[in-house]
Amino acid sequence: MSLTGGNRNDVTQLMPLLEAVPPVRGRIGRPRRRPGRLLADRGYDHDKYRRLVWAKGIKPVIARRGTPHGSGLGVHRYVVERTIGLLHWFRRLRIRWEIRDDIHEAFMTLAAAIICWRRLVR
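Predicted model, so just to flag it, every value in this text is computed and none were measured. (Residues numbered from 1 in each chain as written. Predicted model: local features only at pLDDT ≥ 70, side-chain atom pairs only at ≥ 80, totals over all residues. Heavy atoms only, no water.)

Participant: Tell me what's going on with the overall build of the protein chain, and back it up with residues and numbers.
Facilitator: Secondary structure summary: the protein chain contains five helices and two strands in total. For the protein chain, the spread of C-alpha atoms along the three principal axes comes to 40 × 35 × 30 Å. The buried share of the protein chain, taken over its 122 residues, is 21%. Contacts in the protein chain between residues far apart in sequence, at least 24 positions, make up 41% of those at least 6 positions apart. Accessible area of the protein chain: about 9,800 Å², with a carbon and sulfur share of 56%. (Helix = DSSP H or I, 4+ residues; strand = E, 2+ residues; numbered from the N terminus. Buried < 20%, exposed > 50% of the residue type's maximum accessible area, 1.4 Å probe, protein only. Contact = heavy atoms within 4.5 Å. Areas by Shrake-Rupley, 256 points an atom, 1.4 Å probe, with all protein chains shown as cover.)

Participant: Give me the lowdown on the pairing of strand S2 (residues 59-62), citing residues and values where you can.
Facilitator: Two strands pair when backbone bridges link them, and strand S1 (residues 37-40) and S2 are joined in this way by four bridges, in the parallel orientation. Along S2, the bridge assignment pairs Leu38 with Pro60. Crossover connection from S1 via helix H2 (residues 47-55) to parallel S2: handedness right-handed. (Pairing = 2+ DSSP bridges. Right-handed = clockwise from strand over helix to strand, strands pointing away.)

Participant: Describe in detail the layout of surface pockets, supporting the description with residues and values.
Facilitator: To find the voids left in a structure, one rolls a probe of water-molecule size over its atoms. In this structure, the largest pocket occupies an estimated 1,700 Å³ of space. For the lining of the largest pocket, the elements supplying multiple residues, two or more each, are helix H1 (14-19), S1, helix H3 (73-87) and helix H5 (101-121). Element by element, the count of residues in the lining of the largest pocket is highest for H3, at nine residues. Residues of the lining of the largest pocket, tallied by class, amount to 21 nonpolar, 10 polar and eight charged. (1 Å grid on protein atoms, 1.4 Å probe; cavity = no way out; pocket = protein on both sides within 12 Å on 5 of 7 lines; lining within 4 Å. Points joined across faces, edges and corners; volume = space filled by probe spheres on them. Nonpolar A, V, L, I, M, F, W, Y, C, P; charged D, E, K, R; others polar.)

Participant: I'd like a rundown of the nonpolar core, residues and numbers included.
Facilitator: By size, the foremost hydrophobic cluster in this structure holds 11 residues: Val11, Leu14, Met15, Leu18, Leu38, Ala40, Tyr44, Tyr49, Val53, Ile58 and Ile62. For this core, the secondary structure elements donating two or more residues are H1, S1 and H2. The biggest single contributor to this core is H1, with three residues. Leu87, Phe90, Leu93 and Ala111 belong to the second-largest nonpolar core, a separate cluster that totals seven residues. (Core = buried A, V, L, I, M, F, W, Y, C linked by side-chain atoms within 4.5 Å.)

Participant: Give a description of the pattern of salt bridges that names residues and reports values.
Facilitator: For the coordinates displayed, the defined rule picks out five salt bridges. Residue Asp101 pairs with Arg96 through a salt bridge whose shortest N-O separation is 2.4 Å. A relative accessible area of 46% means that Asp101 is categorised as partly exposed. Salt-bridge contacts for Asp102 lead to Arg100; the nearest nitrogen and oxygen are separated by 2.7 Å. The exposure class assigned to Asp102 is partly exposed, which follows from its relative accessible area of 43%. (Salt bridge = Lys/Arg side-chain N within 4 Å of Asp/Glu carboxyl O.)

Participant: An account of the environment of Lys48 is needed here, citing residue identities and associated values.
Facilitator: Its place among the elements puts Lys48 in helix H2. We classify Lys48 as partly exposed; its relative accessible area is 43%. As for Lys48 and Leu18, which are separated by 30 residues in sequence, their C-alpha atoms are 15 Å apart.

Structural data, given as C-alpha cells:
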C-alpha cells in the first residue's frame, strides 16, 4: 500500500509501487524480483506507462479506452475491488479523519494484517 494526497491520480504511484514489490520467495533458485505481468484498467491506458512497464521487464495487460467491455480483465480486477471493499469494513478507513499520515498508514497496515489473518484462519 502507498499513501498519497487527496484527489491524486492513481497513475502517479504506478512506478513507485512496482519498484516496491519485494522478492517472491518459496521456489528453489533465485527469488523473482518483479511480477510477470501487470493488470490495469483504462485509467492507465497510455503509451508512456506501457513503455515504462515494458522497460522494467513486465508485460502490461492494460484495457484500451474506447473498446467495449468484456475483454476478460474484469475477472482479475475484481480481486482489487474486493480488497478495497474489505478495507472499508473498517469504518475509520472509509473516510480519512486523521491529519497525520503515519497514523492513517498505521491503521491501513493494521487493517491489512487483520484481513490476512482472517483469511488464513479459515
